[in-house]
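What follows is the residue order along each chain.
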Amino acid sequence: MSEKVLLKNIDPKNPQPVTFEQYVKNGGYEGARIALSKTPLEVQQIVKDSGLRGRGGAGFPTGLKWSFVPMDYQGQKYLICNCDEMEPGTFKDRALVYGDPHQLIEGMLIAAYAMQMTKGFIFIRYEYKKGAEILDRAIAEAEQHGWLGKNIQGSGFDFHLETHLSAGRYICGEETALLNSLEGKRANPRSKPPFPQIRGFLGQPTIVNNVETLCNIPHILAKGPEWYKKLGLNGNAGTKLMGASGRVKTPGLWELPMGTPLSVLLNEYAGGPSREFPFKAVIPGALSTPIFTPEQFDTPMDFDSVAKAGSRLGTACVIVFDEGDCMVAATANIMKFYARESCGFCTPCREGMQWIYDTVCAIRDGQGQPSDMQVLDDLSRHIAHTFCAFAPGAQDPFLSAITKFRHEFEEHIAKRTCSIAK
Amino acid sequence: MIPETLRKELSDHCAHYPSRQVGLIYVLQKLQEHYGGWLPDEAISQAAEIVGVPEVEVEGVATFYNWFFREPVGKTVIVCCDSVSCYLCGSEKIVEHLENRLGIRIGETTPDGRFTLLPVVCLGNCDRAPSIMVGDRLYERVTPAMIDEILANAEMLAEGKE
């Protein structure tokens with residue numbers, strides 16, 4: 001096991017919130033103390049130098065994203081933490097919030113200082129209501145000890161932070177939909193540009209960062225960018241929370257060096273197959289990423305390597321299927337999710353997802369027609385002509401399923417029954 | 001009608017934002033609590049009046065989100081994760097067992113108004129699948145055998161709340 005950074009204070013099997021006193025005793029708020037002794041631009045430079053890339057799935061360099069926020073802006077700027085973790089297969093931000101709330105608060109304080117933002121929100125999904133309560137208590141503790149509120153630690157910098165409990169909808173995790181939701185509207189995505197860094201929450205410059213991204217920041221400040229860069233393998237910066245669920249013997253969440261091979265995650269950490277069947281497929285970045293088959297299992301789990309192998313690192317929480325799983329039935333399950341959670345704004349997504357779901361269900365149930373494959377091929381090309389990343393995200397697992405497991409679809413249509421599911 | 005103290009609390013909450021509409025989700029959540037778990041037409045009008053936005057805007061929001069209900073729901077809402085990791089670990093059997101035990105299909109409320117059964121998106125607990133939530137409480141690695149116990153528990157909790 002490699003160096004634990006984000007999970008230092010957390011048992012992912014049973015996360016219990018670390019108190020302010022414990023957090024400080026374990027070196028907490030040292031990163032913030034160092035940040036407040038530097039200029040905001042120096043802090044931005046440290047984060048840039050660290051090589052940290054966004055952990056919400058897109059992998060955009062965090063320091064670069066921050067640098068788009070205008071520093072001479074006179075009005076209110078906002079920092080928002082995206083804790084709308086709803087990507088099927090993903091369970092990493094839950095552990096961070098439930099286990100070490102001050103790590104997130106400290107990360108947000110440093111980010112806010114670096115961009116001179118005096119207000120922040122943590123946007124948290126409804127089902128993590130207990131997490132929101134944990135954060136509310138931690139925010140109160142941080143205020144009592146002068147790490148939030150006015151004139152933080154005598155620095156003259158103010159930062160006010162509050163939680164926002166969402167009313168639940170997958171699309172809220174898309175950053176512009178999240179902004180509309182936070183403004184008290186339907187969570188339909190906005191067009192970009194303008195990017196939120198220029199015009200975000202209530203039209204003001206805004207940064208939206210994922211929980212895990214922000215939790216990296218205190219450590220980068222406390223131990224320096226050089227130390228951080230060396231945590232990963234093959235030139236990748238930092239550690240990454242990686243999870244495994246589905247057909248593995250010991251599903252779980254681990255903090256591993258960025259670039260750890262998928263096969264190591266599957267076999268050493270997740271214990272190999274849970275049943276007598278060998279692995280058949282893995283969705284590497286949680287649901288909305290293209291499916292890997294065994295010849296890709298040696299891929300290092302970092303942004304560039306997974307992209308090179310034809311998928312995306314996404315949230316690095318892998319979903320595992322074995323030879324006893326029918327990929328037609330699995331695809332039906334996957335498409336049900338997208339059909340139900342489409343926000344309905346764009347016709348190709350709203351109508352297309354349901355059409356695909358109905359067609360795949362018919363094939364699964366032995367009612368498929370030979371012409372159905374043509375329908376699925378056509379839909380796979382057209383559904384993603386939409387406004388936001390939702391439909392392309394659905395297209396990824398769907399297109400790879402009908403390509404890589406085409407024989408299973410064709411067999412269901414020809415034999416009108418399933419010979420695979422066990 | 002809602003008590004004046006609640007109206008004032010909600011209005012003050014809206015006033016602490018630069019735009020009152022930022023408070024709309026919170027206002028609807030609190031009104032839903034007040035009205036026993038759902039939002040009758042009256043609550044939509046009240047939210048519009050408190051927040052200061054047109055009723056149609058409130059209706060748009062109230063019908064968009066998974067956790068706002070525009071029709072009555074049971075005293076206890078049970079949500080079953082049916083996303084992929086739970087599906088691989090047998091969520092369909094869990095739903096089937098709950099349907100049989102409660103005598104309703106998913107999406108329905110028991111005639112005695114005690115339980116509503118709904119599907120839900122991934123609960124972020126995939127390493128302990130399958131997961132369900134009964135009210136605010138998360139249950140993991142659920143088996144059909146556990147469900148009787150869970151339902152008895154839920155009934156006790158619902159009674160305790162009264």
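Residues numbered from 1 in each chain as written. Chains lettered and ligands numbered in written order. Predicted model: local features only at pLDDT ≥ 70, side-chain atom pairs only at ≥ 80, totals over all residues. Heavy atoms only, no water.

### Examining the overall build of chain B
Phase 1: A tally of regular secondary structure across chain B gives 7 helices and 4 strands.
Phase 2: In chain B, the succession of α and β elements from N to C terminus is α-α-α-α-β-α-α-β-β-β-α.
Phase 3: Taken over 162 residues, chain B has a buried fraction of 53%.
Phase 4: In chain B, the proportion of contacts linking residues at least 24 apart, taken out of those at least 6 apart, comes to 56%.
Phase 5: For chain B, the exposed area adds up to about 7400 Å²; of that, 52% sits on carbon and sulfur atoms.
Phase 6: Of the side chains in chain B, 14 bear a positive and 25 a negative charge, and the two mean positions are spaced by 4 Å. (Helix = DSSP H or I, 4+ residues; strand = E, 2+ residues; numbered from the N terminus. Buried < 20%, exposed > 50% of the residue type's maximum accessible area, 1.4 Å probe, protein only. Contact = heavy atoms within 4.5 Å. Areas by Shrake-Rupley, 256 points an atom, 1.4 Å probe, with all protein chains shown as cover. Lys, Arg positive; Asp, Glu negative; His and termini not counted. Charge placed at Lys NZ, Arg CZ, Asp CG, Glu CD.)

### Looking at helix H16 (residues 390-404) of chain A
All names here are of chain A.
Phase 1: End to end, H16 covers 22 Å across 15 residues, agreeing with the expected 21 Å (1.5 Å per residue, within 8%).
Phase 2: With 11 of its 15 residues buried, H16 lies for the most part within the structure.
Phase 3: Those residues of H16 lying buried are Phe390, Ala391, Gly393, Ala394, Gln395, Asp396, Pro397, Phe398, Ser400, Ala401 and Ile402.
Phase 4: Of the surrounding elements, those touching the buried residues of H16 are helix H13 (327-341), helix H14 (347-364), helix H15 (372-382) and helix H17 (406-415). (Expected span 1.5 Å × (residues − 1).)

### Digging into the confidence of the model for chain B
Phase 1: Summing up the model confidence of chain B, the mean pLDDT is 95 and the portion of residues at 70 or higher is 98%.
Phase 2: Of the two predicted TM-score estimates for the complex, the pTM is 0.97 and the ipTM is 0.96. (pLDDT = per-residue confidence, 0-100.)

### Focus: the sheet that holds strand E3 (residues 160-165) of chain A
Residue and element names in this part refer to chain A.
Phase 1: Reading across the sheet, the 4 strands line up as E3-E2-E1-E4 and stay open at both edges, with parallel pairing between neighbours. Both edges of this open sheet fall to E3 and strand E4 (206-210), since each of them pairs with a single strand only. Strand-to-strand twist across the sheet, computed as the mean angle between neighbouring axes with direction ignored, equals 20°.
Phase 2: Inspection of the sheet shows strand E1 (residues 78-83) paired to strand E2 (residues 119-124) by 6 bridges, in the parallel sense. Note that in E2 the partner of Ile80 across the bridge is Phe121. (Pairing = 2+ DSSP bridges. Axes fitted to C-alpha atoms, helices over the stretch in contact; angles between N-to-C directions.)

### Side note on unusual backbone geometry
Phase 1: Pro194 of chain A follows Pro193 of chain A through a cis peptide bond whose omega is 0°.
Phase 2: Here the bond from Ala129 of chain B into Pro130 of chain B is cis, since omega is -5°, no more than 30 degrees from zero.
Phase 3: By the element assignment, Pro130 of chain B lies in the loop between strand E2 (115-120) and strand E3 (132-134).
Phase 4: Despite not being glycine, Gln153 of chain A shows a phi value in the positive range, around 50°.
Phase 5: Among the secondary structure elements, Gln153 of chain A is positioned in the loop between helix H7 (129-144) and E3.
Phase 6: When its relative accessible area of 37% is taken as the criterion, Gln153 of chain A is described as partly exposed.
Phase 7: Not every positive phi belongs to a glycine, and Arg141 of chain B is a case in point at roughly 45°.
Phase 8: Secondary-structure assignment places Arg141 of chain B in the loop between strand E4 (137-139) and helix H7 (144-161).

### Here's the deal with the packing of helix H2 (residues 24-34) of chain B against helix H4 (residues 55-62) of chain B
Residues and elements named next belong to chain B.
Phase 1: Between H2 and H4, whose axes approach to 11 Å, the crossing angle comes to 75°. With respect to H4, the axis of H2 lies roughly perpendicular. Residues Leu24, Ile25 and Leu28 of H2 form the contact with H4, whose participating residues are Val58, Val61 and Ala62. (Parallel < 35°, antiparallel > 145°, perpendicular 65-115°, else oblique.)

### Section: the pairing of E2 of chain A
Residue and element names in this part refer to chain A.
Phase 1: With 5 of 6 residues buried, E2 lies mostly within the body of the structure.
Phase 2: Pairing between E2 and E3: 6 bridges, direction parallel. What sits directly across from Ile122, in E3, is Thr163.
Phase 3: Once you follow E2 into H7 and on to E3, the crossover reads as right-handed. (Right-handed = clockwise from strand over helix to strand, strands pointing away.)

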